[in-house]
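What the coordinates show
As a plain string of letters, each chain reads:
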Amino acid sequence: MPAPVPYFQVVREMKNAFNYRLCLVTHARQHGIKAAARAFRTTLRTARKWLRRYQSQGLTGLQELSRAPRSCPHKVGGELAQKVVELRRQLPTFGAQRLKREWVLPLSHMAIQRILRQHGLIHPRRRKYQKKQDLAARKESWAVFQQISAGTKDLDDIAHYWRR
């Protein structure tokens, strides 16, 4: 009895496709790979993949494998990252490019920036609309005539304003 919906569409909508794959594997073991691929409306390659995993690893082979990278070659850690953090704490006005230039660090400025961001040493710039919103909120909290200021000026330095 063929499946009404293709395998990939069914699996995509499932949270855990373990049971569906187990059905595919048991069908393949009983009737063959081609028959299982036809019944579950998938490719021969997919049916073979799950059957091989089941044969080599058992039930754990039918679990979804992580797609996360196993290593991160550009990740900087250890003493170098700690040095960057210490330099930034000593010199909070120095940016990533200036730290790299002044201290001849063997990292790119983007790597330095990433380290600083991870340690919370870079704060995102406030956009113009955010500054305006902050100012409007502050003005609302003022008392009635608090924001009005009157300045006085002596005009004795301008000759034609003097009384004679």
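Below: a short report on this structure. (Residues numbered from 1 in each chain as written. Predicted model: local features only at pLDDT ≥ 70, side-chain atom pairs only at ≥ 80, totals over all residues. Heavy atoms only, no water.)

**Here we look at the overall build of the protein chain**
Along the backbone of the protein chain there are 8 helices and 0 strands. Along the protein chain, helices and strands appear, N-terminal first, in the series α-α-α-α-α-α-α-α. A compact globule built from 164 residues should have a C-alpha radius of gyration of about 15 Å, whereas the protein chain, at 34 Å, is more than 25% larger. Judged by the C-alpha coordinates and their principal axes, the protein chain covers about 120 × 45 × 25 Å. Accessible surface, the protein chain as shown: approximately 13800 Å² in total, 52% of it carbon and sulfur. Taking the average location of the 34 positive side-chain charges in the protein chain and that of its 10 negative ones, the two points are 21 Å from each other. (Helix = DSSP H or I, 4+ residues; strand = E, 2+ residues; numbered from the N terminus. Rg over C-alpha atoms; globule rule 2.2 N^0.38 Å. Areas by Shrake-Rupley, 256 points an atom, 1.4 Å probe, with all protein chains shown as cover. Lys, Arg positive; Asp, Glu negative; His and termini not counted. Charge placed at Lys NZ, Arg CZ, Asp CG, Glu CD.)

**So, the side chain of Arg 21**
Mapped onto the elements, Arg 21 comes out in helix α2 (residues 18-31). Among the residues examined, Arg 21 registers a relative accessible area of 3% and is labelled buried. Within polar-contact distance, the side chain of Arg 21 engages the side chain of Glu 64 at 2.6 Å. In this structure, Arg 21 is in contact with Tyr 7, Val 11, Trp 50, Leu 62, Gln 63 and Glu 64, ignoring residues within four places of it in sequence. (Buried < 20%, exposed > 50% of the residue type's maximum accessible area, 1.4 Å probe, protein only. Polar contact = N/O pair within 3.5 Å; in protein donor to acceptor, adjacent residues only side chain to side chain. Contact = heavy atoms within 4.5 Å.)

**Overview of the packing of helix α6 (residues 96-103) against helix α7 (residues 109-118)**
Relative orientation of the contacting elements α6 and α7 amounts to 120°, with a least axis distance of 8 Å. The angle between α6 and α7 falls in the class oblique. Judged by the twist between their axes, the crossing of α6 over α7 is right-handed. Residues Ala 96, Gln 97, Leu 99 and Lys 100 of α6 pack against His 109, Ile 112, Gln 113 and Leu 116 of α7. Taken together, the residues of the contact of α6 with α7 sort by class into 4 nonpolar, 3 polar and 1 charged. (Axes fitted to C-alpha atoms, helices over the stretch in contact; angles between N-to-C directions. Parallel < 35°, antiparallel > 145°, perpendicular 65-115°, else oblique. Left-handed = near helix turned anticlockwise from the far one by under 90°. Nonpolar A, V, L, I, M, F, W, Y, C, P; charged D, E, K, R; others polar.)

**Overview of the nonpolar core**
Formed by 16 residues in total, the largest nonpolar core has its most connected members in Tyr 7, Tyr 20, Leu 24 and Trp 50. At the level of secondary structure, the elements contributing two or more residues to this core comprise α1 (7-13), α2, α3 (33-39) and α4 (44-57). Here the element with the most residues in this core is α2; it accounts for 5 residues. Sequence-distant contacts of Tyr 20, that is, excluding residues within four places in its chain, are made with Ala 3, Val 5, Tyr 7, Val 10, Val 11, Met 14 and Phe 40. (Core = buried A, V, L, I, M, F, W, Y, C linked by side-chain atoms within 4.5 Å.)

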